[in-house]
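What the coordinates show
Spelled out from the first residue to the last, the chains are:
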Amino acid sequence: MSTETKVSIASKETTAKMKIKNIIFITLLFLANSIFAQDFDINRVEPPNWFTGMKNSELQIMVYGKNIGNTMVEIKSEDIKLIKANKTENPNYLFLDIEILPSAKPGIFQINFIDKYRIVKKYQYELKEKTDRKRGFSSEDLIYLIMPDRFANGIWENDSNKLMLEKPNRKNPNGRHGGDIQGVINKLDYLKQSGFTALWLNPVLENNMPEYSYHGYAITDFYNVDPRHGSNQDYKRLSDECHKRDMKIIMDMIFNHCGSNHWWLKDLPSKDWLNNDSKFNTNYRGEVIADPNASQYDINKMNAGWFVATMPDLNQHNPFLAKYLIQNSIWWIQFADLDGIRMDTQAYPFKDFMSDWAKAVHNEYPDITLLGETWLQAPAFCAYFQSKSPAAGNYDSNLNSVTDFPLYYALNAAFNETDTWTNGLLGLYYVFAQDFLYADANQNVIFLDNHDLNRYFTSVGENINKYKMGMAVLLTSRGIPCLYYGSEIAQDGLESMGHGYIRQDFPGGWQTDSLNAFNYNGRNQKQNEIYSFVTKIANWRKTNKAVTTGKFLHFIPENNVYVYFRYSSNSAVMVILNNSEDEKRTVELNRFNEILKDYNSGTEIISDKKINKLDKINIDKKSVMIIELSK
Ligand code: CA
C-alpha cells in the first residue's frame, strides 16, 4: 500500500464521517422545521378564472385553504400586478387585489405563496378572453319560467349524487324529482314552436341541503351547477342551444342569502360575513326601503334579518363579500353567455350595494337586462326599483326591469270580481293608469303566476273563459310577459297546500309518465284548447310591433267592457274585454275614434274572423277579443 493510498483512505473516511454528520444535521433541521412549520393548503380559488379585455382592470381573488392567510404572495408578470394581499381575522383566507393591464394576454399566470422565503404553494390562474356580446331581453320577448327539477328529466343517472345529501323521491311533493338541464334542452324545440323566446330557470347552482333542496334558492356553491341538474358545461350548452334557436337565457341569482350548508358556514372568512343570526328574521316588508317615513328599525330588520333559518343572511357591506358577489355575476355572464339576470329578493340586500352591483355589471355589459324581483304591494314601490323612475327619487337601482306584482294582483282579482268604481276591471285600469311612476313600464316583467304563487288556473276557479282573458291581457298589454311552465296547458295548484303543489311535474317530462302533454295526442281537450289559445297569440305576438314595442292607450271601463289599444305610427291592435258574468255586450266603437279614425277594418286574431266595418262589435260574456286593425 503506498502512502498516497493511505492518505486517500484516511481522506475517504473523513468524508464519510462528515457526510453522516451532515445527514444528521439536515434531519434534525427537517424535524425542527416539521415541528415549528405550518401546513399550507389551497382548497378553493374563486373566481376560478378571469378574463382579459375587461373595462374594469381590477380583480379580487378569494383563496381559501389552511393557513394560506399566513403566507406572502408574489406574482411575477409584466402584465399582471399584485396590488395587495388582504387578510381577514381567519388565517385560512386571502383576498388578492390584482390589476390586469390592457397588455395582458389570455393564458396562465402563476401565484406563489411564500413562507419564510420558501414557496410553499403555487397556483396556476387562468385568464380567458372576454367575448363581445350584444343582447338582452325586452318587451319583444316572451319568457318561459322553468323550475328545473320539475320540468323534464333528461338524464336518470344524475337524479342521485353520492356527494349530495338529498336523494330523489318523486312521491314527495317537496322532494327532488330529477328534472335537469338536459331535460330542458330536449324540450327547446317544443318551447320555440310554442312561441317562447326566452328562458328563465329557477336557480341551478348547487343546493346541498338535506331537504327542500329542489327549488334552488339555498345555494351552497356560487360557482358550480348542482350535479343533479348537470354540470357548468351543461348550463353553457343550454345557453348555446337557446342562442342557436334565437332564444335567450336569463339566470336566477340570489345575493341576499346562501344555504346554511354553504362551505363558508364551516369556516367564515370574518365575523361580519353574515348579518345577525337565524333568530333575527326579516319583516319581509320591502316597501320600507322606499318609504320616506320608515323607521331605521324596520329598514334594518328588512335588510339584515334572515329570510328563513336555513338561509343565512349575507352582509353585502363586507367589502370582500360585495366584490365576491359582483364578480360572481360577471363570471356567469361571461361563462354562460347570459342575456339577462333575474335577481331574487331584490329589496332584501342593502340597496346601496345592489345599485353598485347593477352598475358594475352594466359597465362591462351595457346590453344585458337586469330584472329585480320586487314583490311589493303598489306600483310606486316597484317603480322605486327601476332605474331612473320618477318614483325613485335620488335612488338609482341601475335595474332595467322589475316584476310587476301590482298588475299580478289586479289580474288575479279583475275577472273574479264584480265591476265597481274601484274593483274588477277598474282595479286593472288603475294599475295601468299609474304607469307614470315608472321610467318605462314596458320593461316591467308581467305575469299571472310564478313558482311562489297560486297557479292562475286555480286563481280563476278553473274557469277557462277567465283564464283566457288573463292570458290575452298578459300577451297584449305593456311589459315583458312571463309564463310559468305548464301555464300553456292550464296546470293547477294552490299555494296554501304547500309549494310542491304549485311546482308539479310537467306531464310527459319523465319517460315513465302515462301522459305526455308535450304532444297534441297526449293532451286532453281542455289542455289542447288552452295550448292552442296561448301559442297562437304568442306566435302572432312575435310578429306584431304594435303589441311588443308600441304605445298603450286605454279607455275607462264602462258597462263591464274595457278597451285598450297597442299602437305605433302605422299599426294598431284593439283589445276588448267583457267582464260581465251573464250578458254579451254590443260595443259602440265611436268612443275610440282617436285611434280608429285611421283604420277601416280588422281581424280578430283568436278566431281569425274578419271585421269589415268598425262601427259596433258584439262580444260574448266573460270573453276577450284581440283585433288587429287594417287601413
Ligand atoms: Ca335527472
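Residues numbered from 1 in each chain as written. Predicted model: local features only at pLDDT ≥ 70, side-chain atom pairs only at ≥ 80, totals over all residues. Heavy atoms only, no water.

Examining unusual backbone geometry
Applied cut-off: A helix here means a DSSP run of H or I that spans at least four residues, while a strand means a run of E at least two residues long, and both kinds are numbered starting from the N terminus.
Note the cis peptide between Glu46 and Pro47, where omega equals 0°. Tracing the sequence through the fold places Pro47 in the loop between β1 (44-46) and β2 (49-52). Of note, the phi angle at Asn67 is positive, near 60°, even though the residue is not glycine. Checked against the element boundaries, Asn67 lands in the loop between β3 (58-64) and β4 (72-75).

What to know about empty space enclosed by the protein
The line we're drawing: Cavity means a closed set of points on a 1 Å grid over the protein atoms alone, one where a 1.4 Å probe fits but cannot get out, pocket means an open set with protein on both sides within 12 Å along at least 5 of 7 lines, and lining means a residue has an atom within 4 Å of a point. Grid points are joined across faces, edges and corners, and a volume is the space filled by probe spheres set on the points. For this classification, the nonpolar set comprises Ala, Val, Leu, Ile, Met, Phe, Trp, Tyr, Cys and Pro, the charged set comprises Asp, Glu, Lys and Arg, and every other residue, Gly included, is treated as polar.
Using the criterion set out here, one finds three cavities of 30 Å³ or more in the structure. Counted as a void, the largest cavity has a volume near 60 Å³. Leu145, Trp200, Arg342, Glu373, Thr403, Phe405, Val445, Phe447, Asp449, Asn450 and Cys482 together form the lining of the largest cavity. The class makeup of the residues in the lining of the largest cavity is six nonpolar, two polar and three charged. Quantified by volume, the second largest cavity comes out at close to 50 Å³. Taken together, Leu205, Ile219, Phe222, Met251, Asp252, Met253, Ile254, Phe255, Asn328 and Trp332 make up the lining of the second largest cavity. Elements that contribute at least two residues to the lining of the second largest cavity include exactly β13 (248-253) and α6 (319-336). No other element matches β13, which puts three residues into the lining of the second largest cavity.

Re the coordination of the calcium ion
This is how it is decided: Water is absent from the atoms considered, so a metal site may look incomplete; donors are defined as N, O and S atoms within 2.8 Å of the metal, or 3.2 Å for Na, K and Ca. Site shape is set this way: if four donors have all angles between 85 and 135 degrees, tetrahedral; if opposite donors are over 155 degrees apart and all others between 65 and 115, square planar for four donors and octahedral for six; otherwise irregular. Buried, partly exposed and exposed residues are distinguished by accessible area as a fraction of the type maximum, computed with a 1.4 Å probe on protein chains only: under 20%, between the cut-offs, and over 50%, respectively.
Protein coordination of the calcium ion is provided by Asn153 (OD1), Ile155 (O), Asn158 (OD1), Asp159 (OD), Gly178 (O) and Asp180 (OD), with donor distances spanning 2.3 to 2.4 Å. Coordination at the calcium ion comes from six donor atoms whose angles at the metal span 68 to 167°, giving a geometry best classed as irregular. Donor residues for the calcium ion sit on one chain with the sequence pattern N-x1-I-x2-N-D-x18-G-x1-D. Looking at Asp159, the relative accessible area reads 10%, which means it is buried.

Re the packing of helix α9 (residues 405-414) against helix α10 (residues 425-433)
To be explicit about the condition: All axes here are fitted lines through C-alpha atoms, helices being fitted over the stretch that makes contact, and every angle between N-to-C directions spans 0 to 180 degrees. An angle counts as roughly parallel when it lies under 35 degrees, as roughly antiparallel when it exceeds 145, as roughly perpendicular when it falls between 65 and 115, and as oblique in every other case. Handedness of a helix crossing follows the sense of rotation of the near helix relative to the far helix, less than a right angle counterclockwise being left-handed and clockwise being right-handed. Contacts are residue-level and defined by heavy atoms, with any inter-residue pair within 4.5 Å sufficient.
Contact geometry of α9 with α10 gives a least axis separation of 8 Å together with a crossing angle of 165°. Here α9 is positioned roughly antiparallel relative to α10, judged by the angle of their axes. You can see that α9 and α10 cross each other, and the crossing is left-handed. Contact residues: α9 offers Pro406, Leu407, Ala410, Leu411 and Ala414, while α10 offers Leu425, Gly427, Leu428, Val431 and Phe432. Classifying every residue of the contact of α9 with α10 by side-chain character gives nine nonpolar, one polar and no charged.

Considerations on the domain arrangement of the chain
Here is the rule: Domain start and stop positions are those given by an automatic or database domain assignment. The quantity reported as buried area is the accessible area (1.4 Å probe) lost by two parts once they are put together, taken as the sum for both. Any carboxyl oxygen of Asp or Glu that lies within 4 Å of a side-chain nitrogen of Lys or Arg is treated as forming a salt bridge with it. Contacts described as polar in this section are N or O atom pairs within 3.5 Å, which, within protein, must combine one atom able to donate a hydrogen with one able to accept it, while residues neighboring in sequence count only if both atoms come from side chains.
Taken domain by domain, the chain holds domain 1 (1-37), domain 2 (44-129), domain 3 (143-543) and domain 4 (548-630). In this structure, domain 2 and domain 3 have C-alpha centres spaced 35 Å apart. The partner domain 3 presents 22 residues to the 23 residues of domain 2 that form the contact. Taking both sides of the interface into account, the surface hidden between domain 2 and domain 3 amounts to around 2100 Å²; carbon and sulfur atoms contribute 56%. On the surface where domain 2 and domain 3 come into contact, there are two salt bridges. Here Glu89 makes a salt bridge to Lys271, at a shortest N to O gap of 3.7 Å. Here domain 2 is connected to domain 3 by 14 residue pairs in polar contact (both at pLDDT 80 or more). Of all the secondary structure elements, the ones that give two or more residues to the side of domain 2 that touches domain 3 are β1, β2, β3 and β6 (93-100).

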